[in-house]
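Next come the chains, spelled out residue by residue.
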Amino acid sequence: MARIELIGVEKTYPGSRLKAVEGLDLVIPEGSFVSLLGPSGCGKTTTLRMIAGLESPSAGVIRVGERVLFDAARGVDVPTEERGMGLVFQSYALWPHMTVADNVSFGLEMRKVPRPERKRRLERVFELLRLGGFEGRYPMQLSGGQQQRVALARMLVLDPEVLLLDEPLSNLDAKLRLEMRAELKRIHAELKNTIVFVTHDQLEGMTLSTEIAVMNRAVLQQFDKPMEVYRRPRNLFVAEFVGSPPINRIAVGEASCAEACGRLLELFPGLEGRARTIGVRPESISLSPRRGCGRAFRGRARVEAVLPTGSEWILSLELCGTPFFAISTEEFAGAPGDEIEVEIEAARLLLFDAEGERIEA
């Protein structure tokens, strides 16, 4: 296992004034599973490539354990092949003319690992990734999920302290992605490698990670445990990016939201002048109000649409002239046009200031 530390890391490409990564300070604990999460172009893949040594930062320091892998001021830049990391990308890049066993053992042969040790490692990784019986097959004879397992096996057989994964599940269909998420979680629990995982899919980040680093426009927005990122987002970008359906956002001062804002802000005396945006998660809107539960907003909402997903019901509501989305895990018996009573506990509301930073209420 290895701790990864990035200090003041920046990346600017030649001919561009824009920074791909700006002032990144990040400590990835040893044995953790950290997702770099954010929209396209936010700097997450560039960050992974700088850790791997495939890109050289323009400034800053990168350490893994006690080793300095990059230091701009001292001119240190350890080559990729000497960093001892395993890399798995969106493209599996398997040798089509080699069997599964040959693909997986190729790196060991290049390192001149003795045959008995190669055999032991192959058996172990094939058991870990449930690839037994596929040793003699060729990549074209495998499903997408099986090819992904082979790509992982090829890296894990080298016993890397750090495993870097760049959107490795994006080519799989929904069912296989779910299966591979479970596999990755199981593998991490067994091996306890330090894993850095790049994804734009917030569901992958939430379900897989021990910590999430949310990035936007080259800047780290928040680094925290998944449920902290969800429940206590540092700013409005994080609140809107993480969550499906997305958070209900109400602009304070907007004429169409005046009544809703006024009644919601009554729950937070003294913050009326600071709050500029109110955030309400869809699941925070209760369709079964409980009288006497403490500080809460209660009102009647008009049902605009009912969207069943199978496991839950998404409701489009109009509350105090403002559109809201709500979620019910119980079957909703109403219909568009109905009026229902709803409740929102004050403790579940999120308030943001004029800069989009969350206010501690």
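Per chain, residues are indexed from 1 in the order of the written sequence. Residues qualify for local features only when their pLDDT is at least 70, as the model is predicted, and side-chain atom pairs are given and counted only at 80 or more; totals for whole chains, interfaces and linings, by contrast, use all residues. To obtain the side-chain values, all non-hydrogen atoms of the structure were included, while hydrogens and water were left out.

A. Region of the structure containing unusual backbone geometry. For the bond from Ser-244 to Pro-245, the omega torsion is -5°, close enough to zero to count as cis. Only DSSP runs of H or I reaching four residues or more are called helices, and only runs of E reaching two or more are called strands; each is numbered from the N terminus. When you line up the elements, Pro-245 lands in the loop between helix H8 (236-241) and strand E12 (248-251). Residue Lys-112 is not a glycine yet carries a positive backbone phi of 60°. As for its placement among the helices and strands, Lys-112 is situated in the loop between helix H2 (100-110) and helix H3 (115-128). Look at Lys-112 and you get exposed, because its relative accessible area is 71%. Unlike most non-glycine residues, Arg-130 shows phi in positive territory, near 55°. Tracing the backbone through its elements, the reader meets Arg-130 in the loop between H3 and helix H4 (144-156). Accessible area is worked out with a 1.4 Å probe on protein chains only. A residue is then buried under 20% of its type maximum, exposed over 50%, and partly exposed in between. Judged by its relative accessible area of 52%, Arg-130 falls in the exposed class.

B. Quick look at the pairing of strand E4 (residues 59-64). Strands are treated as partners if at least two bridges between them are detected by DSSP. Pairing between strand E1 (residues 4-12) and E4: five bridges, direction antiparallel. Of the residues in E4, the one forming a bridge with Glu-5 is Arg-63. Examined bridge by bridge, E4 and strand E5 (residues 67-71) share four bridges and lie antiparallel to one another. Of the residues in E5, the one forming a bridge with Ile-62 is Phe-70. Between E4 and E5, which pair antiparallel in sequence order, lie two residues; one of them, Gly-65, sits at a positive phi of approximately 65°.

C. Region of the structure containing H3. By definition here, a helix of n residues has an expected span of 1.5 Å times n minus one. The first and last C-alpha atoms of H3 sit 20 Å apart over 14 residues, in line with the 20 Å expected at 1.5 Å per residue. Taken together, the buried positions of H3 are occupied by Arg-118, Arg-121, Leu-122, Val-125, Phe-126 and Leu-128. In a view along the axis of H3, the buried residues occupy a sector of 155°, so they form one face of it. Structural note: H3 exposes Pro-116, Lys-119 and Glu-127 on the side pointing more than 90 degrees away from its buried face. Here, residues are in contact when the closest pair of their heavy atoms is within 4.5 Å. Where H3 is buried, its residues touch H2, H4 and helix H5 (174-191). Looking at the residues trailing H3, positive phi occurs at Arg-130, about 55°. This arc describes the spread of directions from the helix axis toward the C-beta atoms.

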